[in-house]
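Listed here are the chains, written in short residue letters.
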Amino acid sequence: MSSTTDASTGRAQISARTLRTDRWWLPPLLNFAGLTAWVVYATVRAFQQDNYWVGEYEYLTPFYSPCVSVGCVPESAHFGQFLPDVWWLPYASLTLPFLLLFRLTCYYYRKAYYRAFWLSPPACAVAEPHKKYTGETRFPLLGQNLHRYFFYAAAIISVINTYDMVLSFTTGIGLGNIILLVNVVALWAYTISCHSCRSIVGGRINNFSKHPMRYKSWQFVSRLNAKHMQLAWLTLGTLAFTDFYIMAVAAGWISDLRIVG
Ligand code: FES
């Protein structure tokens, strides 16, 4: 180890926290603002227990899907009603925790919130404020390894969102249908671009030439995987926008723009 390196931390012995002169703090700051705003909006909406369903056009917001509380409008509950109707339990409590854990353990979001919220580290070549670094080797961060299982759960939930979207087309076509469709396509793109999905599709084989279908699928997933960060943000946008549009129609603030029916 050179004499300019602190032997106990492995860090360079310089007093400055970083020698970077660019605006390295901007991406973590934007991530902090964007993620905080989204979590506040989603939390308020999940607990609101109102304006989540437009019966006339069968629009169900993804934040309430599947609606499984006895408080749900019966027509919106496509998978039964078995959770108690209490204010502290969102109507989609069966699936929301899995979606939250899927995003929390996502490789991209981990990078984003480790940097933006824990400053660990805030950016490349910027020292973190914490004295000790144990990575993801201990509880609770050891649980990040469960991401693959949350991926399976998220894939099932995407099927449910797809079912909701298809059902809405049985009443005709309106702007709400298009918004639901775009949201579902974006959700699938994000889910399939998952690093775990790439490893499931292309992993555990020694020779791609003997598995041409898996090779093609792996190439497809890999192409999407390169856009995983963009898809992560796109889906936060489409989810919030879809929910807001359905809330606005359900509350009577606007009427759905009808194209057919
Ligand atoms: Fe982001 Fe799996 S790595 S969803």
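Heads up: the structure comes first, above all this text.
Right, let's walk through the structure included here. (Residues numbered from 1 in each chain as written. Predicted model: local features only at pLDDT ≥ 70, side-chain atom pairs only at ≥ 80, totals over all residues. Heavy atoms only, no water.)

### Section: empty space enclosed by the protein
Thinking step 1. Summed over all chains, the structure comprises one cavity of 30 Å³ or more.
Thinking step 2. Of the volumes computed, that of the largest cavity is approximately 40 Å³.
Thinking step 3. Along its surface, the largest cavity is lined by Leu60, Pro62, Asn161, Asp164, Leu180, Asn183 and Val184.
Thinking step 4. Counting only elements with at least two residues in the lining of the largest cavity, the list comes to helix 4 (147-168) and helix 5 (175-192).
Thinking step 5. A total of three residues in the lining of the largest cavity trace back to one element, the largest contributor, which is helix 5.
Thinking step 6. Residues that form the lining of the largest cavity fall into these classes: four nonpolar, two polar and one charged. (1 Å grid on protein atoms, 1.4 Å probe; cavity = no way out; pocket = protein on both sides within 12 Å on 5 of 7 lines; lining within 4 Å. Points joined across faces, edges and corners; volume = space filled by probe spheres on them. Helix = DSSP H or I, 4+ residues; strand = E, 2+ residues; numbered from the N terminus. Nonpolar A, V, L, I, M, F, W, Y, C, P; charged D, E, K, R; others polar.)

### Section: the environment of Val166
Thinking step 1. Take Val166: it is sitting in helix 4.
Thinking step 2. A sequence separation of 14 residues divides Val166 from Leu180, and the C-alpha atoms of the two residues are 9.1 Å apart.

### Examining the layout of surface pockets
Thinking step 1. Empty space within the largest pocket amounts to approximately 780 Å³.
Thinking step 2. Forming the walls of the largest pocket are 30 residues, and the residues nearest its centre are Trp38, Ala42, Leu99, Leu100 and Arg103.
Thinking step 3. At the level of elements, helix 1 (26-48), helix 2 (96-104), helix 3 (107-116), helix 4, helix 5 and helix 8 (228-250) are the ones that each hand at least two residues to the lining of the largest pocket.
Thinking step 4. Sort the elements by how many residues they give to the lining of the largest pocket and helix 1 lands first, with eight residues.
Thinking step 5. Its residues placed into classes, the lining of the largest pocket shows 24 nonpolar, five polar and one charged.
Thinking step 6. A volume near 270 Å³ is recorded for the second largest pocket.
Thinking step 7. Trp118, Ser120, Tyr133, Gly135 and Leu141 are the residues nearest the centre of the second largest pocket, which is lined by 14 residues in total.
Thinking step 8. Considering only residue class, the lining of the second largest pocket consists of six nonpolar, four polar and four charged.

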